[in-house]
Amino acid sequence: MTAGPYGALLDAVRGVRWPAVRRVAGATLGAHPSRLRGNSSEFSEFRPYRQGDDPRRVDWRLLARSDRAYVRLTTDRATLRTAILVDASASMAFPQPALTKWVRAREIAVALAAVAHAEGDPVGLAIAAETPFTLAPRARRSVIVEMIRALDATTPRGDTALAPLLAAARAPRVAVVTDLLGDAGALLAAARLRVAGGGEVTVVHLLATEELDPPSDGLLAVDPEQPALRRTLDRTTRGAYARALSAWLEETADAFRAAGVWYVRADTSEPAAHLVRRIALEAGGRAG
Amino acid sequence: MSFLVPWALVIGGVGAAVAVLLHLVAQQRPAAYLLPTARFIPDRHTLVRRMAARPRDLLLLALRVLLLLSAAAAFARPVLAPHRGTRARIVLLDRSAAVASDTEAAARVRALLTDGVRPRLILFDSTATPVSDARAALDSVAHAEPAHAAGSLSGALVAARRAATEIAAEADSVELVLVSPVTVGEVDAALDSVRAQWPGAIAVARVAARADTSRSWTLERSLPADDVLAPAVAGVRVAATPGAVRLRRAPLDAGDSAFARLGGTAVGWDTIARWDTTTASKLSANAIAMGDDVVVATVGRGASPEGGRVLARWADGSPAAVQQELGAGCVREVGFAVPLAGDLPLRPAFQRVVRGLLEPCRVAMRNTLADASVLARLSGTGSAARGSALADGARRPTPLVPWLLAFALLCAVAELAVRARGRREAA
């Protein structure tokens, strides 16, 4: 694998498990508990034989001891197709020129994909860039490298909507890495539909530390997605800005959580590996 | 160097000071910073006003100050004051028919040339003519034929005033000397107001006047009572003298020419339109202009007289009456006929035209010397006129003015360019 600068990140997330929150419906043997019960070796329970059950599943020893026919139930495990949806709008190209926010979004996307792929899940990628990029979920080994190439080749600009890509994602589990400064309302609606359909949506709300705590000098803030929007940020407006941003973050989190979306807030000061471990741990807690 | 409009300099200086002040108290637009969460900043003022210790945008400030100062200097109209001499003199020499002896007048002027003050000589009769070479002009005056034109002191003074504005910048005082007999005929209604334009005394050197000829207009023969021209010359004396005016109701002949050569005035006015003759067909409405008088009437138009000086013209510009000098006198031909019927002979304008056509060739001069009160008004009191009082408009604007304006324009263009560059950088 040619992971390039992502090598250390991939090493850091090796062994991390990102379990599905619910039992999955897939039949392909994987790592996530399946809704189906079959013939795997992982015993679950006995159930009285009913007409139509496969006679091969009757526990003959128990029949001999108790003179009653029971069938042996086992827990199946299946794979979970996972799609990573990355916001590549102009607001992600921040702060200039380091683009820390975009770099961190790429790292999170790659790390999540690697964790899912390590469990045998097919992973895909959708980039909401000026020219949207979509990679269907695949389980092949090279898919992570393809994702890395696609992300590295993308320059965040424009204001492409995320919601259509979320609605079109062909995977029951979708992780969205975004700053929610674009079509948050439409994205919430699409996520609500997906959750209602049994899907699993994780939103990683990523903000740069410079957005949470902007430079203290008076500056003319220009919205990269709406250049006409220009506001002066100085001592007199700083407090109001912090309050408005905090309120928005709370409202957004509440809205997504109420829709059944797994909402994770992150900022660029948190390493991607740490964030992915946190996501996986919380997902395990929810699944438990 | 001095300035015609010094207030413009003051205004320019104040403008430059205001520009410096504005650059100190400047509204600054802070540096642009891309911030995706800019929408959460309250929409308040976008400019920061503060007082700086040093002016901002020194290049812009310099351009603006230079623009204001150079424009102010240009509008202040800088002038170069030339070096002044102590005294200048303007001599008005009468060359009209009122002067009895041009030689005497020239000698009086020549005497003024000996005291070292360079004079500006102006010859005048009804018009004034400045001459550049005074001595040569005096020589020609002394040997010239006696003049026949009337004199006008008003015209002479106007010419002197104009000449004074040219030389006043080079002299502390300008002396005006009038060499003239100062007759009544040379004084007109405008003299007092024109005299008031000269801010000093006028030295009047009076010379002898020619004999008064104003009463010498006589008709050789009296006109018949039924002649249409009779009302116009009703008061004219009749005497068969050599200088009289001969009116011929027929084409002029050799006798008339001989009469004119001896100083008489022969007027040929042979066309009289009668309603009962074939000439009546030539009668038509027309206009005759002579001097300031215009007569519009039904008159007969004969053949246009040719040659000589045109005294009267038809409405279409062709001559209606001409005069030719002949010896000491002249002959006139009149080419229009006056109908016997109608009130035309009684109209004042027509009578003035008739008198103009029947006047003697030589100008009748009222050569009576003007009285002492006229001389006193003309001379005035005090000393010669001060150069500064005469020098209005004599100062020459320097060629610096267009250069200053061009420099101001250049600064304005540069200021625009610098501002545009600043805007691009800020964006």
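All figures in this text were calculated on a predicted structure; none of them were measured in a lab.

**Q** Tell me about the pairing of strand E7 (residues 133-138) of chain A, and please be specific about residues and values.
**A** Residue and element names in this part refer to chain A. Sheet topology note: the strand E6 (residues 123-128)/E7 ladder contains four bridges and is antiparallel. The residue bridging Ala-126 from the neighbouring strand is Thr-134, located in E7. Following E6, the chain reverses through four residues before pairing antiparallel with E7.

**Q** Outline the interface of chain B and chain A, listing residues and values.
**A** At the junction of the two partners, chain B supplies 19 residues and chain A supplies 29 residues. When the two sides are added together, the surface that chain B and chain A hide from each other amounts to roughly 2400 Å², 66% of it contributed by carbon and sulfur. The tally of links between chain B and chain A comes to two salt bridges. Among the salt bridges present, the one from Arg-231 of chain A reaches Asp-43 of chain B, with a minimum N-O distance of 3.6 Å. Along the contact surface separating chain B from chain A lie six residue pairs in polar contact (both at pLDDT 80 or more). With three bridges connecting them, strand E10 (residues 219-222) of chain A and strand E3 (residues 32-34) of chain B associate as parallel partners. Bridge assignment links Ala-221 of chain A to a residue of E3 of chain B, and that residue is Tyr-33 of chain B.

**Q** Quick one: what's the story with the sheet that holds strand E11 (residues 230-233) of chain A, residue by residue and with numbers?
**A** Taken in spatial order, the three strands make up an open sheet running E11(A)-E10(A)-E3(B), and their pairing is mixed. Each edge of the open sheet is held by one strand with a lone partner, namely E11 of chain A together with E3 of chain B. Shown here is a sheet whose adjacent strand axes are inclined to one another by a mean of 40 degrees, direction ignored. Both E10 of chain A and E11 of chain A contribute to a ladder of four bridges, which runs antiparallel. Across the sheet, Ala-221 of chain A pairs through a bridge with Arg-231 of chain A, a residue of E11 of chain A.

**Q** Hey, could you go over helix H3 (residues 102-112) of chain B for me, with residue numbers and the actual values?
**A** Residues of H3 of chain B that are buried: Asp-102, Ala-105, Ala-106 and Val-109 of chain B. One side of H3 of chain B carries all its buried residues, which in axial view fall inside an arc of 100 degrees.

**Q** I'd like a rundown of the packing of aromatic side chains, residues and numbers included.
**A** Two numbers describe a pair of aromatic rings. These are the distance of the centres and the angle of the planes. Scanning the entire structure with this criterion turns up five aromatic pairs over all chains. On the numbers, 6.2 Å between centres and 85 degrees between planes, the contact of Phe-94 of chain A with Tyr-33 of chain B is edge-to-face. With one member in each of two chains, Phe-94 of chain A in the loop between strand E5 (82-87) and helix H3 (100-118) and Tyr-33 of chain B in strand E3 form a pair that bridges those chains. Residue Tyr-33 of chain B is classed as partly exposed on the basis of its relative accessible area, which comes to 22%. Between Trp-314 of chain B and Phe-336 of chain B, the ring centres sit 6.0 Å apart and the planes meet at 80 degrees, which makes this aromatic pair edge-to-face. Here Trp-314 of chain B, found in strand E18 (residues 309-314), pairs with Phe-336 of chain B, found in strand E21 (residues 336-339); they are 22 residues apart in sequence, far enough to count as distant. The residues Trp-314 of chain B and Phe-336 of chain B share a single accessibility class, namely buried. Ring pairing ties together the aromatic residues Trp-269, Trp-314 and Phe-336 of chain B, which thus form one cluster. Across from the ring centre of Trp-18 of chain A, 3.7 Å away, lies the NZ or CZ of Arg-173 of chain A, which sits over that ring.

**Q** Summarise the sheet that holds strand E8 (residues 173-178) of chain A; cite the residues concerned and give the values.
**A** Residue and element names in this part refer to chain A. On the basis of which strands lie adjacent, the open sheet formed by six strands has the order E7-E6-E5-E8-E9-E12 and mixed pairing. This sheet does not close on itself; its edge strands, each paired only once, are E7 and strand E12 (262-267). When strand polarity is set aside, the average angle formed by the axes of neighbouring strands in this sheet is 15 degrees. With six bridges joining them, E8 and strand E9 (residues 200-207) adopt parallel strand pairing. Following the sheet pairing, Thr-178 is matched in E9 by His-205. Along the sheet, helix H4 (residues 143-152) makes contact with E5, E6 and E7, crossing E6 at roughly 10 degrees.

**Q** Which residues make up the confidence of the model for chain B, and what values go with them?
**A** The share of residues in chain B with pLDDT of 70 or more is 88%, and the mean pLDDT across the chain is 82. Here the prediction assigns the complex a pTM of 0.46, and the interface score ipTM is 0.82.

**Q** Which residues make up the side chain of Glu-225 of chain A, and what values go with them?
**A** Looking at where Glu-225 of chain A falls in the secondary structure, it is placed in the loop between E10 and E11. Arg-39 of chain B is the oppositely charged side chain nearest to the buried, salt-bridge-free Glu-225 of chain A, at an N-O distance of 4.8 Å. A polar contact is formed between the side chain of Glu-225 of chain A and the side chain of Ser-89 of chain A, at a distance of 2.9 Å. Aside from chain neighbours lying at most four places away, what touches Glu-225 of chain A is Ser-89, Ala-90, Ser-91, Gly-158, Asp-159, Leu-181 and Gly-182 of chain A.

**Q** Describe the packing of H3 of chain B against helix H4 (residues 134-142) of chain B, listing the residues and the values that go with them.
**A** Residues and elements named next belong to chain B. Contact geometry for H3 and H4: axes closest at 8 Å, N-to-C directions at 160 degrees. Looking at the two axes, H3 sits roughly antiparallel to H4. The interaxial crossing formed by H3 with H4 has left-handed handedness. Here H3 contributes Asp-102, Thr-103, Ala-106, Val-109 and Arg-110 to the contact with H4, which in turn contributes Leu-138, Asp-139, Val-141 and Ala-142.

**Q** Tell me about helix H2 (residues 58-75) of chain B, and please be specific about residues and values.
**A** Since the α-helix turns once every 3.6 residues, residues separated by three or four places project in the same direction. Helix length check: H2 of chain B, at 18 residues, gives a terminal C-alpha distance of 25 Å against a target of 26 Å (1.5 Å per residue), a fit within 8%. Remark: Arg-77 of chain B follows H2 of chain B within two positions and exhibits a positive phi of approximately 55 degrees.

Cut-off values and rules
Residues numbered from 1 in each chain as written. Chains lettered and ligands numbered in written order. Predicted model: local features only at pLDDT ≥ 70, side-chain atom pairs only at ≥ 80, totals over all residues. Heavy atoms only, no water. Pairing = 2+ DSSP bridges. Helix = DSSP H or I, 4+ residues; strand = E, 2+ residues; numbered from the N terminus. Contact = heavy atoms within 4.5 Å. Buried area = accessible area lost by both parts, 1.4 Å probe. Salt bridge = Lys/Arg side-chain N within 4 Å of Asp/Glu carboxyl O. Polar contact = N/O pair within 3.5 Å; in protein donor to acceptor, adjacent residues only side chain to side chain. Axes fitted to C-alpha atoms, helices over the stretch in contact; angles between N-to-C directions. Buried < 20%, exposed > 50% of the residue type's maximum accessible area, 1.4 Å probe, protein only. Arc of directions from axis to C-beta. Phe/Tyr/Trp six-rings, centres within 6.5 Å; stacked < 30°, edge-to-face > 60°. Lys NZ or Arg CZ within 6 Å of the ring centre and 35° of its normal. pLDDT = per-residue confidence, 0-100. Lys, Arg positive; Asp, Glu negative; His and termini not counted. Parallel < 35°, antiparallel > 145°, perpendicular 65-115°, else oblique. Left-handed = near helix turned anticlockwise from the far one by under 90°. Expected span 1.5 Å × (residues − 1).

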